[in-house]
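As a plain string of letters, each chain reads:
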Amino acid sequence: MDDKRLQNEFDGYFRGAELPENLTADAKAQIKPRKKRGSVKWFLRLTPVAALLVAVVTAATVLSPRYLPGGNTVGGDGSFGDHSAGSTPPGAGYEYYSLSELAERDVDPYETVTRGLEFARTFAFAKNADVSVTEYSKNDTVRIARADVALVNNGFRHDAVIYAEYTDGDARCRNLLEYADGEENYYRGTEYILNTEYDNGENVYKLFIDAGTVKYYLRIKTSQSLGYTYYFDILGI
């Protein structure tokens, strides 16, 4: 391959890499949680042009903050993509698994209380909130539960996705690794990791909280300033 063609390959790659009103008390009837999306696998296939090009592409992909180890992305709606087969996230000694490896079932929050998501039953009966719950199990043991929440708090709408992970300290869900990497903060003595994004002018707060027996991963979209602190209360943290 001549120098000119190699330069064109480099240029082509990097161009592609650039990468509320108060509501009434009957707001529940108008609020529907966002539809959950199943895990989406993203396969990043790059054809090597030369050894140097492969090295540059690999380094750029690993360093990109929008990509997780193994080529995963986190969607703007709170859904998480699986790692491609054979990938190994950093950190020796951990057991890694994906949501796609677990059995999924919907749970009725009116009748079933899910550990770590006890608030879901209250929200199910509330007039200003709506909630759905999904459990992910392996060998009949629930490893993760997910709550999709829509509510009105002090006149502000919240759309939230909350994962409660019950695995021990050596287990990590590949789909949620990004949430545990960010700015360290404290709220009433509780340490948490925070990342902030924006979606159509609204704040999107992404948090990781290790509460001991339960690890929480939250994505909250709301225009309420610091609205994510409300979830420390409902989670009992």
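None of these values were measured; they are calculated from a predicted model.

### Thoughts on the pattern of salt bridges
Then, in step 1: Applying the stated criterion across every chain yields a total of ten salt bridges.
Then, in step 2: A salt bridge links Glu95 to Arg143, with the nearest nitrogen and oxygen atoms 3.4 Å apart. In this pair, Glu95 sits in strand 1 (residues 95–97) while Arg143 sits in strand 4 (residues 141–153), placing the two residues 48 residues apart along the sequence.
Then, in step 3: Overall, the relative accessible area of 12% leaves Arg143 in the buried class.
Then, in step 4: We note a salt bridge from Lys221 to Asp199, for which the minimum N-O separation is 3.2 Å. Taken as a pair, Lys221 in strand 10 (residues 215–222) and Asp199 in strand 8 (residues 190–199) lie far apart in primary sequence, 22 residues in all.
Then, in step 5: Taken together, the shared-partner salt bridges in this structure form one network comprising Glu178, Glu197 and Lys206.

### Description of the packing of aromatic side chains
Then, in step 1: Scanning all chains against the criterion turns up eight aromatic pairs.
Then, in step 2: Their ring planes at 80° and their centres at 4.9 Å tell us that Tyr110 and Phe125 sit as a pair that is edge-to-face. Placement of the pair is Tyr110 in the loop between strand 2 (103–107) and helix 3 (119–125) and Phe125 in helix 3, with a sequence separation of 15 residues.
Then, in step 3: Its relative accessible area of 38% is what places Tyr110 among the partly exposed residues.
Then, in step 4: Relative to Phe232, the ring of Tyr187 has its centre 4.7 Å away and its plane inclined at 45°; by these criteria the two rings are tilted. Taken together, the positions of Tyr187 in strand 7 (residues 183–187) and Phe232 in helix 4 (residues 230–234) put the pair 45 residues apart, joining distant regions of the chain.
Then, in step 5: Taken together through their ring pairs, the aromatic side chains of Tyr187, Tyr192, Tyr205, Tyr228 and Phe232 make up a single cluster.
Then, in step 6: One cation-aromatic arrangement involves Arg143 over Tyr97; the distance from NZ or CZ to the ring centre is 4.1 Å.

About the cut-offs
Residues numbered from 1 in each chain as written. Predicted model: local features only at pLDDT ≥ 70, side-chain atom pairs only at ≥ 80, totals over all residues. Heavy atoms only, no water. Salt bridge = Lys/Arg side-chain N within 4 Å of Asp/Glu carboxyl O. Helix = DSSP H or I, 4+ residues; strand = E, 2+ residues; numbered from the N terminus. Buried < 20%, exposed > 50% of the residue type's maximum accessible area, 1.4 Å probe, protein only. Phe/Tyr/Trp six-rings, centres within 6.5 Å; stacked < 30°, edge-to-face > 60°. Lys NZ or Arg CZ within 6 Å of the ring centre and 35° of its normal.

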